[in-house]
Amino acid sequence: DEELFSGKGATVGDFGRAIDSDKDGVPDYKDREPNTAAGKMVNFEGISIADNLQIGEPEDWNKLRGFNFNSVFFGFNSTAVGREYEAALYNVARALKENEGMEILIVGHTDLVGSEEFNIELGRRRAEAVAQFLIDNYGVDESQFEIVTKGKAEPASETRNSTNRRVDFIIK
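Since we're looking at a predicted model, the values are computed, not measured.

**Q** Quick question: what am I supposed to make of the overall build of the protein chain here?
**A** The helix and strand inventory of the protein chain stands at three helices and four strands. Mapped from its N terminus to its C terminus, the protein chain presents α and β elements in the order β-α-β-α-β-α-β. Across the 172 residues in the protein chain, those meeting the buried criterion constitute 40%. Approximately 9400 Å² of the protein chain is accessible, and the part contributed by carbon and sulfur atoms is 50%.

Given below as structure tokens:
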């Protein structure tokens, strides 16, 4: 089971990840709009939100601080960005493209296995892989993000390493 907190009774795929039938980045068991149109931006419950994410001037961007872009998770010792994260990364790209000058931190994390030095490097490579995906697939300007690595310093779980192998996004 690759997903630590899939809901009770959630339908899961071959590797234990909750299924997201409409590919909006929200698993079916949490999705309040289970048939979201392709490319539509949604909130954490899968409910469609405004087509235009432009939120005004830079001083207004504080409204998005703490906004939860979905994390991207990785396999053991991997930097490969899975296709299941395309919708979530589209939402990140769209927010950046529609808010010129907005900047984010792309933060790479690792599990608790291995040396600190190795994990610092792996976390950096994961963040870089996600950044490259945003550039290559959605044309995001690299001046809008900064790569950060935490290695194993900020685990999401002390007991489930698969939950720690991730990249998070923080609006600067």
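Right, picking up where we left off after that structure.
**Q** Would you explain the packing of helix α1 (residues 86–97) against helix α2 (residues 116–138) in this entry?
**A** Two quantities define a packed helix pair, namely the angle between the axes and the distance from one axis to the other. Put simply, α1 and α2 touch, their axes get as near as 10 Å, and they point 75° apart. Our classification of the angle between α1 and α2 gives roughly perpendicular. Between α1, through Glu86, Leu89, Tyr90, Val92, Ala93 and Lys97, and α2, the contact on the second element is made entirely by Val130, Phe133, Leu134 and Tyr138.

Procedures and definitions
Residues numbered from 1 in each chain as written. Predicted model: local features only at pLDDT ≥ 70, side-chain atom pairs only at ≥ 80, totals over all residues. Heavy atoms only, no water. Helix = DSSP H or I, 4+ residues; strand = E, 2+ residues; numbered from the N terminus. Buried < 20%, exposed > 50% of the residue type's maximum accessible area, 1.4 Å probe, protein only. Areas by Shrake-Rupley, 256 points an atom, 1.4 Å probe, with all protein chains shown as cover. Axes fitted to C-alpha atoms, helices over the stretch in contact; angles between N-to-C directions. Parallel < 35°, antiparallel > 145°, perpendicular 65-115°, else oblique. Contact = heavy atoms within 4.5 Å.

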